2 protein chains.
Amino acid sequence: MLYGALESGGTKMICAVGDENGTIIDKITIPTTIPDETMPKVVEYFSDKDIKALGIACFGPIDLDKTSDIYGYIVETPKTAWRFYNIVGTIKDALGIPVGFDTDVNGSLLGEVTWGSAKGLTDVVYLTFGTGVGAGILSGGKLVHGMMHPEAGHIKLVPLPGDTFEGKCPFHGTCLEGMTSGPAIEARWGARGEELVERPEVWEMESSYISQGLVNMICILSPQKIILGGGVMHQKSLFPMIREKVLKELNGYLKTKQLDDIDNYIVPAGLNDDQGIMGAIKLAIDSIE
Amino acid sequence: MLYGALESGGTKMICAVGDENGTIIDKITIPTTIPDETMPKVVEYFSDKDIKALGIACFGPIDLDKTSDIYGYIVETPKTAWRFYNIVGTIKDALGIPVGFDTDVNGSLLGEVTWGSAKGLTDVVYLTFGTGVGAGILSGGKLVHGMMHPEAGHIKLVPLPGDTFEGKCPFHGTCLEGMTSGPAIEARWGARGEELVERPEVWEMESSYISQGLVNMICILSPQKIILGGGVMHQKSLFPMIREKVLKELNGYLKTKQLDDIDNYIVPAGLNDDQGIMGAIKLAIDSIE
């Protein structure tokens with residue numbers, strides 16, 4: 001049985017066909033411009049693929065409330081051409097098959113839980129540090145939606161002593177995203193992360209703020225595992241620094257076997273950057289079941 | 001059908017018998033001293049009540065992992081006599097009936113979701129501000145456990161400009177509990193909350209820190225409703241202040257119908273301080289189903 005998978009991002013659409021084991025059989029990339037230009041190409045790609053369902057892991061914010069009049073829409077995005085665009089409806093009308101729908105980060109998380117670093121677990125946080133900071137969350141075996149979906153990049157952080165950087169989030173300044181995203185690194189240090197590899201002070205600070213965010217999520221969600229992905233996390237030296245700082249900040253308050261094994265608690269994404277598209281395959285599978 | 005309910009707290013044990021509608025038919029209180037003294041009285045109370053199951057909403061931390069060797073135990077509590085006490089096993093051995101078990105705050109939340117202010121919702125946060133700050137969390141219709149259970153009182157807060165109070169949490173200083181619990185209020189202002197009713201600056205500050213904590217939980221969990229209980233929240237003037245500050249800090253970033261109706265989004269507990277014991281009745285019911 002074949003499934004369609006669409007990882008819908010702000011700059012590109014990854015379209016793929018896969019099977020029930022998450023194996024990707026075919027994949028193309030289409031630039032994200034405006035809906036009238038991009039979506040016909042997406043539909044055309046899938047139209048002759050004999051897929052039984054399609055999953056969309058989508059940039060947000062999106063409406064995930066199945067009782068809402070605008071379920072399946074991208075909502076108040078800064079990408080104005082896509083604001084209030086009915087992406088689920090467009091695909092459903094064109095292809096006439098079941099469509100699964102969730103955030104891009106919940107998609108990546110679902111890929112990791114189904115086939116990757118968090119296989120079989122029920123309570124997992126997936127965080128991506130890139131242009132923004134996004135979180136996919138699984139609790140009790142279910143992707144967290146609630147009134148909307150997590151926007152955990154926007155939790156407030158405590159500035160380090162003497163740090164006067166005002167943060168890069170237009171809404172919240174020094175929130176997790178405002179302090180740790182790729183653009184935040186660039187604004188603070190005047191260069192992109194990949195040009196700062198040899199500057200240990202950059203990663204010392206970056207790991208401090210990331211670990212602060214993780215501690216808050218650990219206290220609130222009590223996850224069994226935390227997966228960190230996104231371009232910023234290609235700086236692999238961050239992992240040991242983050243692990244050490246998380247334990248230091250928790251200060252022995254929580255005693256669990258997971259925290260005792262911190263190297264397997266805070267881990268990189270495990271699917272070679274295919275976690276998003278593989279998660280979209282799983283969204284397609286789940287849309288039938 | 002009758003069910004037993006035990007709200008096991010650090011200073012008292014509330015024992016009750018109720019029915020499937022959450023109606024409390026009988027209730028007594030036993031002081032929490034040491035297990036050998038307290039628990040035989042608890043067992044004796046329930047032994048002739050013809051109950052089909054018993055639910056325990058218990059002070060923590062506790063072990064909720066059903067695959068653990070110490071499932072059903074109270075673990076590393078500061079109340080040393082109760083450290084590693086097998087409360088579920090004791091009740092099960094003595095009464096020979098199914099026993100449901102969760103944290104005290106998850107119990108209160110379950111009461112509110114089943115019969116109170118959050119009836120029928122699937123994603124809810126219940127916070128209690130008293131001797132400590134505890135959080136019960138429901139996500140996707142399930143109580144959140146994860147690797148242990150939420151300890152959301154310990155998320156880090158940003159001190160207000162000029163605030164040098166070092167916080168009252170022995171582990172984390174200025175965490176939510178360290179800044180907003182009853183003992184934190186007393187340490188900062190030199191008097192208990194009920195003696196400070198006429199001091200608006202106390203509640204201005206208290207509401208700032210509580211709202212900071214709520215904003216983090218909203219961003220991470222996207223709850224449909226937040227219920228605030230505990231002794232501190234008897235200061236009813238806190239509610240409008242907290243609501244206003246939460247919206248101000250979110251700064252229009254999240255647009256949902258729930259936040260548009262903030263008076264019904266952040267609400268007091270709705271079961272006249274019976275939410276915990278009623279939640280324990282529901283834990284009993286669920287232990288059979």
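Please read all numbers here as calculations on a predicted model, not as lab measurements.

Caption draft 1: Focus on the nonpolar core. Core analysis: the biggest nonpolar cluster contains 92 residues, and L228(A), I266(A), L228(B) and I266(B) have the highest contact counts within it. Those residues in contact with L228(A) that sit more than four places away from it in its chain are L127(A), F129(A), L214(A), M233(A), F239(A), I242(A), I266(A), V267(A), P268(A) and A269(A).

Caption draft 2: Structural detail: helix 7 (residues 238-250) of chain B. Residue and element names in this part refer to chain B. With 13 residues, helix 7 should cover 18 Å at 1.5 Å per step; its first-to-last C-alpha distance of 18 Å lies within 8% of that length. Residues of helix 7 that are buried include every one of L238, F239, M241, I242, R243, K245, V246 and L250, and no others. For helix 7, the elements touching its buried residues are helix 6 (200-221), strand 11 (225-229), helix 8 (257-260) and strand 12 (266-268). Two residues or fewer after helix 7 comes N251, characterised by a positive phi angle close to 60 degrees.

Caption draft 3: Local environment of the sheet that holds strand 11 (residues 225-229) of chain A. All names here are of chain A. Taken in spatial order, the five strands line up as 10-9-8-11-12 in an open sheet, and their pairing is mixed. One side of each edge strand has no neighbouring strand; the edge strands of this open sheet are strand 10 (142-143) and strand 12 (266-268). The pairing of strand 8 (residues 124-129) with strand 9 (residues 133-139) spans six bridges and is classified as antiparallel. When the sheet's bridge partners are listed, T128 is paired in strand 9 with G134. Most of the contacts of helix 6 (residues 200-221) go to strand 8, to which it runs at about 155 degrees, and overall it touches strand 8, strand 9, strand 11 and strand 12. Here helix 7 (residues 238-250) sits on the sheet and contacts strand 11 and strand 12; the angle it forms with strand 12, its principal contact strand, is near 165 degrees.

Caption draft 4: Looking closely at the packing of helix 1 (residues 35-47) of chain A against helix 2 (residues 87-95) of chain A. Residue and element names in this part refer to chain A. Between helix 1 and helix 2, whose axes approach to 10 Å, the crossing angle comes to 40 degrees. As judged from the angle between their axes, helix 1 and helix 2 are oblique. At the point where helix 1 passes helix 2, the crossing takes the right-handed sense. Residues M39, V42, V43, F46 and S47 of helix 1 form the contact with helix 2, whose participating residues are I87, T90, I91, A94 and L95. Looking at side-chain class alone, the contact of helix 1 with helix 2 contains eight nonpolar, two polar and no charged residues.

Caption draft 5: Structural detail: the interface of chain A and chain B. Taken residue by residue, the interface counts 46 residues in chain A and 46 residues in chain B. Carbon and sulfur atoms make up 64% of the surface buried where chain A meets chain B, a total of about 3,900 Å² over both sides. It is M147(A), I220(A) and Y253(A) that lose the most area in chain A upon contact with chain B, and together they represent 22% of the buried surface on that side. Taken together, the connections running from chain A to chain B amount to 26 residue pairs in polar contact (both at pLDDT 80 or more). Considering each element in turn, the side of chain A that touches chain B owes the most residues, six residues, to helix 6 of chain A. Residue composition of the side of chain A that touches chain B, by class: 23 nonpolar, 14 polar and nine charged.

Calculation criteria
- Residues numbered from 1 in each chain as written.
- Chains lettered and ligands numbered in written order.
- Predicted model: local features only at pLDDT ≥ 70, side-chain atom pairs only at ≥ 80, totals over all residues.
- Heavy atoms only, no water.
- Core = buried A, V, L, I, M, F, W, Y, C linked by side-chain atoms within 4.5 Å.
- Buried < 20%, exposed > 50% of the residue type's maximum accessible area, 1.4 Å probe, protein only.
- Contact = heavy atoms within 4.5 Å.
- Helix = DSSP H or I, 4+ residues; strand = E, 2+ residues; numbered from the N terminus.
- Expected span 1.5 Å × (residues − 1).
- Pairing = 2+ DSSP bridges.
- Axes fitted to C-alpha atoms, helices over the stretch in contact; angles between N-to-C directions.
- Parallel < 35°, antiparallel > 145°, perpendicular 65-115°, else oblique.
- Left-handed = near helix turned anticlockwise from the far one by under 90°.
- Nonpolar A, V, L, I, M, F, W, Y, C, P; charged D, E, K, R; others polar.
- Buried area = accessible area lost by both parts, 1.4 Å probe.
- Polar contact = N/O pair within 3.5 Å; in protein donor to acceptor, adjacent residues only side chain to side chain.

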